[in-house]
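Remarks on the overall topology
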Number of protein chains: 2
Amino acid sequence: MSIAEQMKQVATEARNASLVLATLSTAVKNQLLEKMASGLIAAADRLKQENEKDLAAGRDKGLSGAMLDRLALDDKRIESMAVGLREVAALPDPVGEVTGMWRRPNGLQVGRMRIPLGVIGIVYESRPNVTADAAGLCLKSGNAVVLRGGSEAIHSNTAIGEVLKQQLRAMSLPEAAVQVVTTTDRGAINELLKLEDDIDLIIPRGGEGLIRFVAQNSRIPVIKHYKGVCHIFVDASADYEMAEKIAVNAKVQRPGVCNAMETLLIHKDIAETFVPQIAEAFARNGVELRGCSITREFAPAVKEATDEDWDAEYLDLILAVRVVENLDEAVAHINRYGSLHTEAIVTESYQHAQQFVQRVNSSSVVVNASTRFADGSEYGLGAEIGISTTKLHSFGPMGLEDLTTRKFIVFGEGQIRT
Amino acid sequence: MSIAEQMKQVATEARNASLVLATLSTAVKNQLLEKMASGLIAAADRLKQENEKDLAAGRDKGLSGAMLDRLALDDKRIESMAVGLREVAALPDPVGEVTGMWRRPNGLQVGRMRIPLGVIGIVYESRPNVTADAAGLCLKSGNAVVLRGGSEAIHSNTAIGEVLKQQLRAMSLPEAAVQVVTTTDRGAINELLKLEDDIDLIIPRGGEGLIRFVAQNSRIPVIKHYKGVCHIFVDASADYEMAEKIAVNAKVQRPGVCNAMETLLIHKDIAETFVPQIAEAFARNGVELRGCSITREFAPAVKEATDEDWDAEYLDLILAVRVVENLDEAVAHINRYGSLHTEAIVTESYQHAQQFVQRVNSSSVVVNASTRFADGSEYGLGAEIGISTTKLHSFGPMGLEDLTTRKFIVFGEGQIRT
């Protein structure tokens, strides 16, 4: 079979399996996830053996230490995949929820009910745990899943997929509900991305290159985010101590992630006092600042920011700092340079808090807390399948509910249209 | 300027305008729509003059009578655009609605607030009323809109657009909030569909050819539906009189629309009595039936159905009829041949009604009522911007709410992540 035929078969089988999955009770889905969790633990030795093949190939190919670390499976990571599946089993099932129902003048009752999307394709890079994590979320929400991981993790992903399929078979469920694409041919992704009749959604997880490739080549809807250039605006009325604590946390606690702060905006009325204070706080935390001219007036040791700094996602202990005239200028800066990810204001002004929330249309808008909370589990969505900074379907961290859609349900008593 | 540069400018201006629109109060938006309605009525003579240019060109090009009728603007149609804008003004504003808010263990309050999508592109064919109707829905939901109608309606669309822009200017609002693409160069659509950074959603309205072209060439998310192959399943326990009334209504009341029934499925236990009854009813209504072998056993005058009939969207007084073993076979038929538009069951069985609603995942699933109700205004959504038979973002008839997305809003008291 050609790659195109192979992918078409994978997708058709997934579509057929999805019809069965959509009708499973919550109890059956939870039992399946529990069995998958136990299955992974029981298969730990085999998983580590298969993973060793990937690691050996990676070492031969000269992968970096960081890449090899991402690829590696040990008992702790296998345990953690199992825990993840059990956590998803414990989450409420979104399928079947009726989000509203109303009566029309002619007596028809009209409502909207959550249903699975159908078939979800996940295209990801080196971490093999994504195979189990993504499968768990897709299955719990009643979806079939096609998993296409990186070729460097092919043995690990295939072995994890085998364990998951075993449990589907054991429960007499269609094993095509979880499919790991085992060909490492790069053309396979291209073929998958054409199958709009059988795959309902593609979620790419990985670097910006992968995400752009998928977005540009897919006929299937893609949910994605490229980067997080998150801002904090310290308003004139801010509590300095709170502002410092939040700003330092947002930059320093884990600088390499998408919800870390990349640009700090400071109201000009407090620049003279707050700029030196925050510059000192960041210096203590090893953060390099790049500031506008007013920032540098009050903190002369700060480097000069260039235009590129306002666009930068450093993912590092570097921060751009700009003094702004007022709330309007802060919002305008965010509209111009932001990435629609997460922006926060620190303020004691009720009016400014309200205005910031109304006027900033990023996927997360935060008052008086760290941007680092922008995350599915911190928001209480349970596990996270990804984050979206495009507005269609989902915007922000995505949980189980985002893997569903809503159909209209209509109950009548013989009504006809006149 | 090249076409590409022109379209880029249109989209950039729309993006800038959308930032203003997103912050308008409901009162201002309603006032704008009221003024636009009055403006159209006041400009009726000019609109008819410009429309006459399109009609003359259409006659020269040899457009059919039906095409010319679609294109024509008279006082009644201009009045009807105005009424449409006033109706949209009267609808509740979805923007700003907080659809839920909850408190996390650390005290953070997390909620989701509806916001406009941003910039919406509408690509449509000959009816000039779409210009006003679509603009009204986009503006009320706080979005800027780029309208690209058919070249045969260019004078009419441009004139309507001018009236709408006049009212934006009169209220000191950015006139780029409504833009009619005035170039008739076909390449303009191609260029628009590339501008994923400035346009958030494309809605194509027109024939299947246009919709497929847009879907295949767009980098921007597209909400669409190709066709409606709607089914009614008459269960063994159905009330015959109700079943006949519903089936006839669903086929005959307006056969040329997407929510008309195209295939009737009948439970085998009632075939002997119900098939002759319904065949007679359809004969009285001038409907040609194409049936399976069992149907023809009980209604010998019925033509034989071929495989193509199960896929057909007749949009005409023709109906495919099939006798099925049971509910399972009815659902299997719908899964195989349906278009995810609208399916109905006629039954007196509680269990079968429940099962049909659970197991059929079309965008509308109806019990004991005509499929013809699958429509935004019949469902109480107010005016309809379109209908989606793809599951992402919206599924089924789309109203104002579907032109919004939800951002997360987070209220803290200085929380940081540890």
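Model, not experiment: these values are computed from the prediction.

**Here we look at the pairing of strand β16 (residues 404-415) of chain B**
- The pairing of strand β13 (residues 364-369) of chain A with β16 of chain B spans five bridges and is classified as parallel. By the bridge assignment for β16 of chain B, S364 of chain A is matched with F408 of chain B.
- The sheet contact formed by strand β2 (residues 109-116) of chain B and β16 of chain B spans eight bridges and is antiparallel. For M113 of chain B, the partnering residue across the bridge sits in β16 of chain B and is K407 of chain B.

**A short note on the domain arrangement of chain A**
- Taken as a whole, chain A is organised into domain 1 (3-224 + 399-409) and domain 2 (230-373).
- One C-alpha centre belongs to domain 1 of chain A, the other to domain 2 of chain A, and the line joining them spans 37 Å.

**A word on the pairing of strand β11 (residues 318-324) of chain A**
Residue and element names in this part refer to chain A.
- With six of its seven residues buried, β11 lies for the most part within the structure.
- Both strand β8 (residues 261-267) and β11 contribute to a ladder of five bridges, which runs parallel. Looking across to β11, one finds that H267 is bridged to V324.
- Relative to β11, strand β9 (residues 288-291) is paired through four bridges, and the arrangement is parallel. Paired with R290 across the strands is A320, a residue of β11.

**Section: the interface of chain A and chain B**
- Taken together, the contacts link 56 residues of chain A with 56 residues of chain B.
- Mapped onto the side of chain A that touches chain B, the elements with two or more residues apiece are β2 (109-116), α10 (240-252), α15 (350-359), β13 and β16 (404-415) of chain A.
- With eleven residues, β16 of chain A is the largest single contributor of residues to the side of chain A that touches chain B.

**With respect to the relation of the copies chain A and chain B**
- Of the transformation placing chain A onto chain B, the axial shift is 0.0 Å and the rotation is 180 degrees, giving an RMSD of 0.0 Å. The transformation relating the two chain copies, once decomposed into turn and shift, fits a two-fold axis. No C-alpha of chain A approaches the rotation axis more nearly than that of H393 of chain A, which lies at 1.8 Å.
- A share of 100% of the interface residues of chain A reappears at the interface of chain B, consistent with the copies meeting face to face through the same patch.

Basis of the calculations
Residues numbered from 1 in each chain as written. Chains lettered and ligands numbered in written order. Predicted model: local features only at pLDDT ≥ 70, side-chain atom pairs only at ≥ 80, totals over all residues. Pairing = 2+ DSSP bridges. Helix = DSSP H or I, 4+ residues; strand = E, 2+ residues; numbered from the N terminus. Domains from an automatic or database assignment. Buried ≥ 20, exposed ≤ 12 C-beta atoms within 10 Å, placed from the backbone. Contact = placed C-beta atoms within 7 Å. Least-squares fit on C-alpha atoms with pLDDT ≥ 70 in both.

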